[in-house]
Amino acid sequence: MQHRVGLRAFRGLIPALGSLLAGAALAAPDAAVQERLAPCIACHGAGTSETEGVPSLGGQMPDYVVTQLFQFREKQREAPPMNDVAAGFSDDDLRAYADAVGTLPPPARTADPADPALAARAQALVAKHQCTSCHGADLAGRDAIPRIRDQREEYLLKALAGYKSNARPGYDPAMNEVAQELSEADIKDLATYVSRL
């Protein structure tokens, strides 16, 4: 029931995504999962991205991944080369790739923790903007809401700036609305802190 309530947030995407999110596909054999993951891992890493500007996929929820792949396929979100990658995917392909990505381990923090003053500022921003109400108490994501904890810092900077400028549309306007209140300094503090959790 909670899953269906979460789908209401998709508004105009509900009909198209309904069949994709209706239920997880049966677990594929390990070899098939590895085959599907190979092109993803080539760019995004096996859980932790080592490539500047390319997000870590490890620890992401399959429902979030399938939504992003759908947006790439439908060109609702422009992010080369992902639009070309997803262009030929069927609905079953979207779900299969999302489920495969869901098996990747969460990213490992590679930087030192944020200094205490910055961490305090960022924690105040997290509380003020209620980030944990959607992304979870530990910012590890849930359902169709992404994991942001331990994500690459420059990717978080770009994403938050994109939400603020409305260059990056969300499937729900919540992030665009929240980001309007963030200053450049706030965005920097949040990205630095969240990438080091």
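One structure accompanies this document, and this report is about it. Keep in mind that what you see is a predicted model, and the values were worked out from it rather than measured.

**Notes on the overall build of the protein**
Summing up its helical and strand segments, the protein has 11 helices and 0 strands in all. In sequence order, the protein lays out its α and β elements as α-α-α-α-α-α-α-α-α-α-α. When each of the 197 residues of the protein is scored for burial, the buried share is 45%. Here the protein has roughly 10,400 Å² of accessible surface; of this, 57% comes from carbon and sulfur atoms.

**Comments concerning unusual backbone geometry**
Following proline 80, the chain continues to proline 81 via a peptide bond in cis, the omega torsion being 5°. With a phi angle near 55°, glutamine 130 is a residue other than glycine that sits in the positive phi range. Along the chain, the position of glutamine 130 falls in the loop between helix 7 (116-128) and helix 8 (131-135).

**A closer look at helix 6 (residues 91-101)**
Most of helix 6 sits out of view: 8 of its 11 residues are buried. Of all the positions in helix 6, only Leu94, Arg95, Ala96, Tyr97, Ala98, Asp99, Ala100 and Val101 are classed as buried.

**Points about the packing of helix 7 against helix 11 (residues 184-194)**
Contact geometry for helix 7 and helix 11: axes closest at 9 Å, N-to-C directions at 105°. Viewed along their axes, helix 7 and helix 11 adopt a mutual orientation that is roughly perpendicular. Where helix 7 abuts helix 11, its residues Leu118, Ala119, Arg121, Ala122, Gln123, Leu125 and Val126 lie against Asp186, Asp189, Leu190, Thr192 and Tyr193. When its residues are assigned to classes, the contact of helix 7 with helix 11 shows 7 nonpolar, 2 polar and 3 charged.

**What about the packing of aromatic side chains?**
Evaluated as defined, the whole model comprises 1 aromatic pair. Ring centres of phenylalanine 89 and tyrosine 97 lie 4.7 Å apart, and the angle between their planes is 10°; this geometry places the pair in the stacked category. Taking the relative accessible area as the measure of exposure, tyrosine 97 reaches 16% and is therefore buried.

**Considering the packing of helix 4 (residues 62-73) against helix 6**
Following both chains from N to C, one finds helix 4 and helix 6 inclined at 140°, their axes separated by 8 Å at the closest point. Considered as vectors, helix 4 and helix 6 are oriented oblique to each other. For the pair helix 4 and helix 6, the sense of crossing is right-handed. For the pair formed by helix 4 and helix 6, the contact residues are Pro62, Asp63, Val65, Val66, Leu69, Phe70 and Arg73 on the first element and Asp91, Leu94, Arg95, Tyr97, Ala98, Asp99 and Val101 on the second. Partitioned by chemical class, the residues of the contact of helix 4 with helix 6 number 9 nonpolar, no polar and 5 charged.

Rules used in this analysis
- Residues numbered from 1 in each chain as written.
- Predicted model: local features only at pLDDT ≥ 70, side-chain atom pairs only at ≥ 80, totals over all residues.
- Heavy atoms only, no water.
- Helix = DSSP H or I, 4+ residues; strand = E, 2+ residues; numbered from the N terminus.
- Buried < 20%, exposed > 50% of the residue type's maximum accessible area, 1.4 Å probe, protein only.
- Areas by Shrake-Rupley, 256 points an atom, 1.4 Å probe, with all protein chains shown as cover.
- Axes fitted to C-alpha atoms, helices over the stretch in contact; angles between N-to-C directions.
- Parallel < 35°, antiparallel > 145°, perpendicular 65-115°, else oblique.
- Contact = heavy atoms within 4.5 Å.
- Nonpolar A, V, L, I, M, F, W, Y, C, P; charged D, E, K, R; others polar.
- Phe/Tyr/Trp six-rings, centres within 6.5 Å; stacked < 30°, edge-to-face > 60°.
- Left-handed = near helix turned anticlockwise from the far one by under 90°.

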